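Okay, here's what each chain looks like letter by letter:
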Amino acid sequence: MAYNLTVSPDFAPDHISGWYFFNTWLQRQLEVGVHLELYDCFEQQRKDIRSDKVDMIYANPYDASMLVRELGFKAVARPKARPDETVIAVHADSPYNTVEELPEGITVATTDDPDVHTMGMIMLEPADLDKSNITTKEVDSYVVVAKNLLNENAQVGFFLKDGFDELSDLIKRQMKVLVSSQISVVHHVLLVGPKMQEFIPTLQERLFSMHQDEKGQGVLSSMDLDQWEPMTEEETEFMIDLIDTLVLE
Amino acid sequence: MSDQDTGETREVTINYYDGTSRAAEIVDREVPYPDGKLIVSRTDPNGIITHANQAFVDMSGYTREELIGTNHYILRHPDMPAVAFAGLWETIEAGKKWHGYVKNLRKDGAYYWVKATVIPNIRNGKLVGYTSVRRKPSRSKIKESEELYATLM
Ligand SMILES: Cc1cc2nc3c(=O)[nH]c(=O)nc-3n(C[C@H](O)[C@H](O)[C@H](O)COP(=O)(O)O)c2cc1C
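Residues numbered from 1 in each chain as written. Chains lettered and ligands numbered in written order. Predicted model: local features only at pLDDT ≥ 70, side-chain atom pairs only at ≥ 80, totals over all residues. Heavy atoms only, no water.

### Some details on the overall build of chain A
Rules: Only DSSP runs of H or I reaching four residues or more are called helices, and only runs of E reaching two or more are called strands; each is numbered from the N terminus. We compute the radius of gyration from the C-alpha atoms alone; for a globule the expected value is 2.2 Å times N to the 0.38, where N is the number of residues. Residue burial is assigned from relative accessible area. The probe radius is 1.4 Å, only protein chains are included, and a residue is buried under 20% of its type maximum, exposed over 50%, and partly exposed in between. Residue contacts are counted whenever heavy atoms from the two residues lie within 4.5 Å of one another.
Counting its secondary structure elements, chain A contains 10 helices and 11 strands. In terms of overall dimensions, chain A is globule-like: its C-alpha atoms have a radius of gyration of 19 Å, near the 18 Å expected for 249 residues. For chain A, the C-alpha atoms occupy an extent of roughly 60 × 40 × 30 Å along the three principal directions. The burial tally for chain A puts 53% of its 249 residues in the buried class. Within chain A, counting contacts between residues at least 6 apart in sequence, those at least 24 apart form 78% of the total.

As structure tokens, then:
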């Protein structure tokens, strides 16, 4: 039988092939069939997760709560030194230099990336802004968020910090950063569903030494990762608790 | 900086709910909340600190060693009404999420305002402690809270 692997839809498009390489690597290590299914949006992916079509996922931290607490997934690894941080930026010529100066009624360009959107909204709170007094414009990628700022179709943009950093210098020079989060303990996580849990020991052994051989190293760098690190059950629960404090009221 | 800041120092006795008290030097000087950061701490079920992130250490002015193992009321500011914390404990002991605006006392006597959320940590169906995550509040919410809390003292 073949298992299903999927990746949080917020991965950078440049690294798609990396996930295919990872899938091939994974099948060799585990000696089982694994099918990689990629999604354009979180909504469709969540639907498939709920209908039991996913056995392993590189998950957005925001989805980890549902996966771990409701569906019995277990964390096997996290990427080393890849926290999910959020940047709020404006046009370089914007009159606003701090979040507190942003007025009601502005348009915010954002993506469907749940952790970035949540942190972005939290970082607007010091200006008394929330969904009732701003307009959000959801677009497909961070490049499009940047375009909306440059074309002045939005006054404010939310970016995953890595997504912001990967924009071209030409684009970055036309924007200014108002605030960049420094949370460090919220990050993506590789989770394994109930049907695949027998593989966890082998999987962890291989993942944690993957950066030590040339092949593994190549796969990692094509995914833009340095190394996999252990993540304990308690560390996972802590991250979920933390995210719980950030969402809903 | 708050309109209420005078920079003056006063000697105050802080009485805790558990019957203990301590003398503290209070300085009316606000330390601004750091942009982009979350201040995170965890406690055991009795409110004894078990974890503090770097932002917590930096803002409180205590070392991590001084914080771990100490009752979380070490941050209690005398301008905070007891009823605010009674509401906090009632909510989290009922297993629910609490949020509110809190004025915290630093080791050096100065203060900082936070928007705090506290949730119970449940593991295998059992309560093992609480997590609090604070974020930067708006000036208008601080002003509102200052006015409200003054009426509750
Ligand atoms: C997780 C957690 C975090 C808390 N954080 C604070 C805090 O930052 N500042 C504070 O004054 N009280 C905090 N409290 C409440 C204290 O436990 C305490 O109730 C409060 O300081 C008032 O002291 P008293 O209850 O002895 O009157 C926290 C409680 C919990 C469970």
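### What about the environment of Leu127 of chain B?
Residue and element names in this part refer to chain B. As for its position among the elements, Leu127 is in strand 7 (residues 126-135). On the basis of relative accessibility, which here comes to 36%, the residue Leu127 falls in the partly exposed class. In this structure, Leu127 is in contact with Pro45, Pro120, Asn121 and Ile122, ignoring residues within four places of it in sequence.

### Describing the site of the ligand
Residue and element names in this part refer to chain B. Note the following rule: Being near a molecule or strand, for a residue, means having at least one of its heavy atoms within 4 Å of it. Under this definition, polar contacts are N or O atom pairs within 3.5 Å; protein pairs additionally need one hydrogen-donor-capable and one acceptor-capable atom, and for neighbouring residues in sequence, both atoms have to be side-chain atoms. Only the protein chains shown count as cover for residues, and all accessible areas are computed by the Shrake-Rupley method using a 1.4 Å probe. Residues are grouped as follows: Ala, Val, Leu, Ile, Met, Phe, Trp, Tyr, Cys and Pro are nonpolar; Asp, Glu, Lys and Arg are charged; all remaining types, including Gly, are polar.
In the vicinity of the ligand lie 15 residues, with Tyr17, His72, Arg76, Trp89 and Asn104 positioned nearest. Tyr17 is positioned such that a nitrogen or oxygen atom in its backbone is 2.8 Å from an oxygen atom of the ligand. A distance of 3.0 Å separates an oxygen atom of the ligand from a polar side-chain atom of Arg76. In isolation the ligand exposes 600 Å². Once the protein is present, 94% of that is buried. Counting residues per element, the ones that place at least two in the shell around the ligand are helix 3 (82-93) and strand 7. Residues of the shell around the ligand, tallied by class, amount to 9 nonpolar, 4 polar and 2 charged.

### Concerning the interface of chain B and chain A
Worth spelling out the cut-off: Think of a salt bridge as a Lys or Arg side-chain nitrogen and an Asp or Glu carboxyl oxygen that are within 4 Å of each other.
Facing the 24 residues of chain B at the interface are 23 residues of chain A. Counting across the interface, chain B meets chain A through 7 salt bridges. Salt-bridge contacts for Lys136 of chain B lead to Glu100 of chain A; the nearest nitrogen and oxygen are separated by 2.9 Å. The interface formed by chain B and chain A contains 12 residue pairs in polar contact (both at pLDDT 80 or more). Those elements that place two or more of their residues in the side of chain B that touches chain A are strand 3 (39-43), strand 6 (111-123), strand 7 and helix 4 (139-151) of chain B. Ranked by the residues each element gives to the side of chain B that touches chain A, the list is headed by strand 6 of chain B, at 6 residues. Class assignment for the residues of the side of chain B that touches chain A results in 6 nonpolar, 8 polar and 10 charged.

### As for the nonpolar core
Note the cut-off: By nonpolar core is meant a set of buried Ala, Val, Leu, Ile, Met, Phe, Trp, Tyr and Cys residues that side-chain atoms within 4.5 Å join together. Domain extents, as shown, originate in an automatic or database domain assignment.
Core analysis: the largest hydrophobic core is formed by 58 residues, its most contacted members being Leu124, Phe159 and Leu191 of chain A. Counting residues domain by domain, this core receives three or more from each of domain 1 (2-82 + 185-246) and domain 2 (86-180) of chain A. Excluding residues within four positions of it along the chain, Leu191 of chain A makes contact with Asp55, Met56, Ile57, Ala59, Ala64, Leu67, Val68, Phe73, Lys74 and Ala75 of chain A. Ranked by size, the runner-up nonpolar core spans 30 residues in total, among them Ala52, Tyr62, Ala84 and Leu88 of chain B.

### Some points on the packing of helix 1 (residues 16-30) of chain A against helix 8 (residues 200-209) of chain A
Residues and elements named next belong to chain A. Note the threshold: Here, axes are lines fitted to C-alpha atoms. For helices the fit covers the stretch in contact, and angles between N-to-C directions go from 0 to 180 degrees. What sets the label is the angle itself: under 35 degrees gives roughly parallel, over 145 gives roughly antiparallel, 65 to 115 gives roughly perpendicular, and the rest give oblique. Here a crossing is taken to be left-handed if its near helix is turned anticlockwise relative to the far helix by less than a right angle, and right-handed if that turn runs clockwise.
Between helix 1 and helix 8, the shortest axis-to-axis distance is 10 Å and the interhelical angle comes to 125°. As far as their axial angle goes, helix 8 and helix 1 are oblique. The two elements helix 1 and helix 8 cross, and the hand of that crossing is right-handed. Residue-level inspection shows Phe22, Trp25, Leu26, Gln29 and Leu30 of helix 1 in contact with helix 8, the latter providing Thr202, Leu203, Arg206 and Leu207. Here the contact of helix 1 with helix 8 is built from residues that sort into 6 nonpolar, 2 polar and 1 charged.

No statement about biological role is implied by the geometric values presented.
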